Amino acid sequence: MGIEEQIRRGDGLLMVDVQNDFCPGGKLPIKGGDEVVPVLNKWIQASLVKHIPIYASRDWHPVRHLSFKDEGGKWPVHCVEDTEGAAFHPELIMPEHVIKITKGVRFDKDQNSAFDETGLASQLKKDGIERLFIGGLALDVCVLATVMDAREEGFKVKLILEATRAVTPDGGEEAVNRMKESGAEII
Ligand SMILES: [Zn+2]
C-alpha cells in the first residue's frame, strides 16, 4: 500500500531528531542515520499531498549541557544550539509550516522525548491529531522515549521502522519490543 493510502485526516507525521550530529560525519553518529532521510522525504511528500501536519523535533543543547561526558553525562558533545551539527539534515524536506519542537535546552535535565515538558501533546490535541506516524533518530533513545510518551498521552502510534536507526542493534530490538508492548504498531 502506498503512503498516501495509509494516512488520513487526524494523522500527524512526527520526525525525531533528524540532525547532522546523529548522521555519519556528525558528533554522535548513528550507523545509517542518514538513510532515514529519503524514507522520511516520501512520508513528508505524502503528508503534504494529504494535508497531514508535520512535526519535527530537534535536540538543541546549551554548551556544557549535563548530558555531555565532560559534564558527567553519557554522550559526547552533540547538537549544540546554533551549530551546523544541530541543524536538520540538509536533504530532509522541511516545508515552512513544519512545526518544530526544540528539546534538550534545559540546564537541569535531559529531554529525550519530544513530549517531555515541551507542550507537544497540547499542540497535537489542538491540531486534532489522533494518530502519529513516527520515525527518526535514534530508535533506542529519543524515538523510544517519544513513542512511549505518545502512547501515554493517548495517541495511536505507528512506528515507521524503515525511517529509524538504532545506536546499537540490541538496543533497537529491545526498543521495538517495548513499543509493541505499549500498543504501538510497527510498520
Ligand atoms: Zn542530546
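The structure this text deals with has already been given above.
Report on the accompanying structure. Note that this is a predicted model, so its numbers are computed, not measured.

**Remarks on the environment of Asn112**
Here Asn112 shows up in the loop between β3 (99-103) and α3 (120-126). Distance in space between the C-alpha atoms of Asn112 and Pro95 is 24 Å, their sequence separation being 17 residues. Those residues within four positions of Asn112 in sequence are excluded, and the remaining contacts are Lys103, Val141, Cys142, Ala145 and Thr146.

**Considering the nonpolar core**
Counting residues in hydrophobic clusters, the biggest one holds 58 residues, and the most contacted among them are Leu14, Met15, Phe115, Leu132, Ile134 and Met179. The set of elements that each furnish at least two residues to this core consists of β1 (11-16), α2 (36-49), β2 (54-59), α3, β4 (131-137), α4 (139-152), β5 (156-165) and α5 (169-181). The contacts of Leu14, once residues within four sequence positions are left out, are Tyr55, Ile101, Phe115, Leu120, Leu132, Phe133, Ile134, Gly135 and Thr146.

**Considerations on the coordination of the zinc ion**
The protein atoms that coordinate the zinc ion are Asp59 (OD), His61 (NE2) and His78 (NE2), at distances spanning 1.9 to 2.1 Å. Sequence spacing of the donor residues for the zinc ion, all on one chain, is D-x1-H-x16-H. An identical accessibility class is assigned to Asp59 and His61; each is buried.

Definitions and cut-offs
Along each chain, the written sequence defines residue order, and numbers are assigned to residues from 1. Side-chain atom pairs in this predicted model are given and counted only at pLDDT of 80 or more, local residue features only at pLDDT of at least 70, and totals for whole chains, interfaces and linings cover all residues. As a rule here, side-chain values cover all heavy atoms of the structure and leave hydrogens and water aside. Here a helix means four or more residues in a row that DSSP labels H or I, a strand means two or more in a row labelled E, and each is numbered from the N terminus. We call two residues contacting when some pair of their heavy atoms lies within 4.5 Å. Residues belong to one nonpolar core when they are buried, are Ala, Val, Leu, Ile, Met, Phe, Trp, Tyr or Cys, and are joined through side-chain atoms within 4.5 Å. Throughout this description, buried means an accessible area under 20% of the type-specific maximum (1.4 Å probe, protein chains only), exposed means over 50%, and partly exposed covers the range between. Ligating atoms shown are N, O and S within 2.8 Å of the metal, or 3.2 Å for Na, K and Ca, and water is not included, meaning a site may look less than complete.

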